[in-house]
Amino acid sequence: MKLTKHGVPNIMKHHRGFSLIELLVAVVVMSIGVMGVAALQAVSLQQNRSALFRADSSQLANDLLDRIRANPTGTYAPIAIGANPASATNCYTQTCSVAQMATFDISSWKCQLNSTDTDGTTFGICTTLGITSSLPGGAGSVTLVAPSTYEVTVQWTDDRQGNTKSIILRALI
């Protein structure tokens, strides 16, 4: 065995560094890892967005149920899933009757779900109340399933493919 001038064996004589193939393999492995992390990030963003819409829809359904509890003698059902918000008296600025309050509650709730028609034009009542929607493709319905038992459905477009999701809350008022 040949020694260096400091008395250390010269075992590195045949190993002169990385070959080009080893470098390319390392780059390919690293690229696959980076693409995996990017895909994970994209899925995470979509799931976060979906969770936000689910939380918003739950809050909106509970908001309407609270409005019904506050005005139990008003007529809140039936409201169809595709119904547009009706024209209503602004009960924030004016004194309203029980019926006017129920119409106002439903209209403002519908505006929070979806404030524009299919052409993208904002509904007049939504403009008057200054309410914009928070759910893409949002829609909602209210059904009286039993005496004093309401079922509120909130629906939204969850992804770019147009898939819809919905939640249903049922409450005894």
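The structure displayed is predicted, hence computed values, not measured ones.

A. Fine view of the state of the cysteines. Counting across every chain of the model gives two disulfides. Disulfide pairing places Cys111 opposite Cys126 at an S-S distance of 2.0 Å. Between Cys111 and Cys126, the S-S torsion sits near -90°, and that sign places the bridge as left-handed. With Cys111 in helix H2 (residues 98–113) and Cys126 in helix H3 (residues 124–129), this residue pair connects regions lying 15 residues apart in the sequence. For Cys126, a relative accessible area of 1% gives the class buried. For the protein, the bonded cysteines pair up as 1-2, 3-4 when numbered in the order they occur along the sequence.

B. Structural context of the side chain of Lys110. Relative to the elements of secondary structure, Lys110 occurs in helix H2. No salt bridge is formed by the buried Lys110; the nearest opposite charge belongs to Asp63, separated by 13 Å. In this structure Lys110 touches Ile79, Ala80, Ile81, Ala83, Pro85 and Gly140, once residues within four positions along its chain are discounted.

C. Expanded view of the nonpolar core. Core analysis: the biggest nonpolar cluster contains 20 residues, and Leu64, Trp109 and Val154 have the highest contact counts within it. Cys91, Cys126, Leu129 and Ile131 belong to the second largest nonpolar core, which has nine residues in total.

D. Up close: the packing of aromatic side chains. Taken as a whole and assessed by the stated rule, the structure comprises one aromatic pair. Ring centres 4.9 Å apart and planes at 85° place the aromatic pair Tyr92 and Phe104 in the edge-to-face group. You can see Tyr92 sitting in the loop between helix H1 (20–70) and H2 and its partner Phe104 sitting in helix H2, a full 12 residues away along the chain. For Phe104, a relative accessible area of 1% gives the class buried.

E. Focus on the pattern of salt bridges. All told, the structure shown has four salt bridges when counted by the stated rule. Note that Arg170 and Glu151 form a salt bridge whose closest N and O atoms lie 2.4 Å from each other. Separated by 19 residues along the polypeptide, Arg170 in strand E3 (residues 164–172) and Glu151 in strand E2 (residues 149–157) bring together distant segments of the chain. Judged by its relative accessible area of 16%, Glu151 falls in the buried class. Sharing partners across several salt bridges, the network here consists of Asp63, Arg67 and Asp105.

The rules behind each value
Residues numbered from 1 in each chain as written. Predicted model: local features only at pLDDT ≥ 70, side-chain atom pairs only at ≥ 80, totals over all residues. Heavy atoms only, no water. Disulfide = S-S within 2.5 Å. Helix = DSSP H or I, 4+ residues; strand = E, 2+ residues; numbered from the N terminus. Buried < 20%, exposed > 50% of the residue type's maximum accessible area, 1.4 Å probe, protein only. Lys, Arg positive; Asp, Glu negative; His and termini not counted. Salt bridge = Lys/Arg side-chain N within 4 Å of Asp/Glu carboxyl O. Contact = heavy atoms within 4.5 Å. Core = buried A, V, L, I, M, F, W, Y, C linked by side-chain atoms within 4.5 Å. Phe/Tyr/Trp six-rings, centres within 6.5 Å; stacked < 30°, edge-to-face > 60°.

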